[in-house]
Amino acid sequence: EPEVTQTPSHQVTQMGQEVILRCVPISNHLYFYWYRQILGQKVEFLVSFYNNEISEKSEIFDDQFSVERPDGSNFTLKIRSTKLEDSAMYFCASSEVSPNQPQHFGDGTRLSIL
Amino acid sequence: KQEVTQIPAALSVPEGENLVLNCSFTDSAIYNLQWFRQDPGKGLTSLLLIQSSQREQTSGRLNASLDKSSGRSTLYIAASQPGDSATYLCAVRSGGGADGLTFGKGTHLIIQP
């Protein structure tokens, strides 16, 4: 069964450094998303992406964050200058045609900021 | 602002029992509601999606119902098995053009062999 893949599974970065998290959505899907889950807390929506532009972003997704689809298969989340509070599990998801269809999640990247 | 609550936070039952997980949401103007399971250290696996116009969805031993007007959904698991042990998350896609899902904190389910 097709799945969303994320790399790396674990990223350790020094505070203040830039980090890029990578995702390969399911191949025929058109909507892409990033979520995060701080340890012990709820999964939180960050951003959705459609037709090569941001469709919606939450208040968490400030100027430190950016997303990009650099080629036909990858979808990336960049955090420009990481803070300790950015430590979390970051999940990528995709849905086939619209957000009204099931969102399918990857296994996540655990980001640890030192 | 949409808030999603799941009760109970944790549940431990013997194998073979039927059980019900509850989800409530504060704003009934939703597009859909999705149930997921999350295994430790893993991503979210989509179980069922109910559109706002639907009352229930079934997949195998799972049945999810939706009462939009009262802001409630239940996930019914029949004949539970140890492999059902996981955290079950409820998430809603709110109205007003929202793309993102709003999640509950989940119910941590343990099925005792």
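Before reading on, note that the structure itself is shown above.
Notes on the structure in this doc start here. (Residues numbered from 1 in each chain as written. Chains lettered and ligands numbered in written order. Predicted model: local features only at pLDDT ≥ 70, side-chain atom pairs only at ≥ 80, totals over all residues. Heavy atoms only, no water.)

Taken as a whole, the largest pocket holds about 590 Å³ of empty space. Lining of the largest pocket is provided by 18 residues; of these, Phe45(A), Ser58(A), Lys1(B), Gln2(B) and Thr102(B) occupy positions nearest its centre. Those elements giving two or more residues to the lining of the largest pocket turn out to be strand E5 (43-50) and strand E6 (53-57) of chain A together with strand E10 (101-103) of chain B. Its residues assigned to classes, the lining of the largest pocket shows six nonpolar, five polar and seven charged. (1 Å grid on protein atoms, 1.4 Å probe; cavity = no way out; pocket = protein on both sides within 12 Å on 5 of 7 lines; lining within 4 Å. Points joined across faces, edges and corners; volume = space filled by probe spheres on them. Helix = DSSP H or I, 4+ residues; strand = E, 2+ residues; numbered from the N terminus. Nonpolar A, V, L, I, M, F, W, Y, C, P; charged D, E, K, R; others polar.)

Applying the stated rule across the entire model yields five salt bridges over all chains. Put simply, Asp107(A) and Lys42(B) hold a salt bridge, and the shortest N to O gap is 4.0 Å. Separated into two different chains, Asp107(A) in the loop between strand E10 (104-105) and strand E11 (109-113) and Lys42(B) in the loop between strand E4 (30-38) and strand E5 (44-51) make up a pair that spans both. With relative accessibility at 42%, the residue Asp107(A) sits in the partly exposed group. Of the residues examined, Lys42(B) reaches a relative accessible area of 42% and is grouped as partly exposed. Among the salt bridges present, the one from Asp84(B) reaches Arg61(B), with a minimum N-O distance of 2.8 Å. With Asp84(B) in the loop between strand E8 (72-77) and strand E9 (86-94) and Arg61(B) in the loop between strand E6 (56-59) and strand E7 (62-67), this residue pair connects regions lying 23 residues apart in the sequence. The exposure class assigned to Asp84(B) is buried, which follows from its relative accessible area of 8%. (Salt bridge = Lys/Arg side-chain N within 4 Å of Asp/Glu carboxyl O. Buried < 20%, exposed > 50% of the residue type's maximum accessible area, 1.4 Å probe, protein only.)

In this section: the sheet that holds strand E3 (residues 19-25) of chain B. Residue and element names in this part refer to chain B. Read from one edge of the open sheet, five strands run E1-E3-E8-E7-E6, paired in antiparallel fashion. Edge positions in the sheet fall to strand E1 (4-7) and E6, since each of these pairs with one other strand and no more. Averaged over all pairs of adjacent strands, the angle between strand axes in this sheet comes to 15 degrees, irrespective of strand direction. As paired elements, E7 and E8 share six bridges and run antiparallel to each other. Bridge pairing links Asp67 to Arg72 in E8. (Pairing = 2+ DSSP bridges. Axes fitted to C-alpha atoms, helices over the stretch in contact; angles between N-to-C directions.)

Our focus in this paragraph is the interface of chain A and chain B. Across the contact, 23 residues belong to chain A and 23 residues belong to chain B. Both sides together, the interface formed by chain A and chain B hides about 1,700 Å², and carbon and sulfur atoms give 48% of it. In this structure, the connection of chain A to chain B is made through two salt bridges. The interface formed by chain A and chain B contains 14 residue pairs in polar contact (both at pLDDT 80 or more). Of all the elements, strand E4 (residues 31-37) of chain A adds the most residues to the side of chain A that touches chain B, at four residues. For the side of chain A that touches chain B, the class distribution of residues is ten nonpolar, ten polar and three charged. (Contact = heavy atoms within 4.5 Å. Buried area = accessible area lost by both parts, 1.4 Å probe. Polar contact = N/O pair within 3.5 Å; in protein donor to acceptor, adjacent residues only side chain to side chain.)

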